[in-house]
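Below are the chains, spelled out letter by letter.
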Amino acid sequence: MSRKIVRLTLDHLDTFRAPCRTCLFWELDPVRRQRVDDPVAEKDAWMSQVLREWGSCGRVALVDDRPVGYLVYAPEAFVPGAAGFPTSPISPDAVLLTMAYVEPAHRGGGLGRMLVQGMARDLTRRGGIAAVEAYGDPRGRTGRCVVPVDFLGSVGFKTHRAHPTSPRMRMDLRTTVSWRDEVEAALERLVGVVRPKTARGPAPKATRASREAR
């Protein structure tokens, strides 16, 4: 089984599981969401705008080249749906993680953590971004557009602004420096790269000539 993390592209949107493919919870404010006739086209248009104006805004987990998980992140300026949270806005030095999903059959194997590490690696390389923040769901309810607090906590996020239903969580990218080697090793495992160990055979036996030379 091969596993790897790749950049999210427009082509990946059609692999999003329902209702994520048509959900515009983050992409539009509540008033505009009610006026949308074609949510799929609207989702595509949003992704195209972010890719064009900001760049890569997500990561996809592939198992045997099939997408089984993904996450999306972007500056809050591209995410008007975030304004409705009582703990908004996010910090000016952060980008917002809006969604994270791994198919049930592939959960528990570390793909969620690898997706977050891939995101951190991307943002650290860009520079000028100090953290990733997310609005968490303390109840961990399925079918919602908010990432469970338990998952965020397990991958390095800490509570930045407490709230009983919508705490704002934060992962400081500076802390990734301490586990950069771990990230690289994890990514190598995902793409199936194995660094060969230096083989050390038995020491050559001394010949009679060499013994006499001593």
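All values reported here derive from a predicted model rather than from experimental measurement.

Burial analysis of strand E2 (residues 58–63) places 6 of its 6 residues in the buried class, the great majority of the element. Going residue by residue along E2, you find Gly58, Val60 and Leu62 tucked away on one face and Arg59, Ala61 and Val63 tucked away on the opposite face as well. Both E2 and strand E3 (residues 66–74) contribute to a ladder of 6 bridges, which runs antiparallel. The partner of alanine 61 across the bridge, within E3, is glycine 69. Connecting the antiparallel pair E2 and E3 is a turn made up of 2 residues, with aspartate 64 showing a positive phi of about 50 degrees.

A few words on the pattern of salt bridges. Per the counting criterion, the structure on display carries 13 salt bridges. In this structure, the salt-bridge partner of glutamate 103 is arginine 17, at a minimum N-O distance of 3.0 Å. Here the residue glutamate 103 occupies a position in the loop between strand E4 (94–102) and helix H3 (111–126), and arginine 17 occupies one in the loop between strand E1 (3–7) and helix H1 (30–33), the gap between them amounting to 86 residues. Among the salt bridges present, the one from lysine 43 reaches glutamate 27, with a minimum N-O distance of 3.2 Å. Residue lysine 43 is found in helix H2 (residues 39–53), and its partner glutamate 27 is found in the loop between E1 and H1; the two are separated by 16 residues along the sequence. Across this residue pair, the class does not change: lysine 43 and glutamate 27 are buried. If you follow the salt bridges from partner to partner, you end up with Asp93, Glu133, Arg168 and Arg170 in one network.

On to H2. In a regular helix each residue adds 1.5 Å, so 15 residues correspond to 21 Å; H2 covers 21 Å between its end C-alpha atoms and thus fits that length. Those residues of H2 that are buried lie in contact with E3. Of the residues trailing H2, glycine 55 is marked for its positive phi of about 115 degrees.

Calculation criteria
Note on numbering: residues in each chain are counted from 1, in written sequence order. Local features in this predicted model are restricted to residues whose pLDDT is 70 or higher, and side-chain atom pairs enter the listing and the counts only when it is 80 or higher, whereas totals over whole chains, interfaces and linings include all residues. Calculated side-chain values reflect all of the structure's heavy atoms, with hydrogen atoms and water omitted. Three labels apply to residues, based on accessible area from a 1.4 Å probe with only protein chains included: buried if under 20% of the type maximum, exposed if over 50%, partly exposed otherwise in between. Each helix is a run of H or I in the DSSP string that is no shorter than four residues. Each strand is a run of E no shorter than two, and both are numbered from the N terminus. Note: two strands are recorded as paired if DSSP finds a minimum of 2 bridges between them. When a carboxyl oxygen of Asp or Glu is within 4 Å of a side-chain nitrogen of Lys or Arg, the pair counts as a salt bridge. Helices are assigned an expected span. That span is 1.5 Å times one less than the residue count. Note on definitions: a residue-residue contact is assigned when non-hydrogen atoms from the two residues lie within 4.5 Å.

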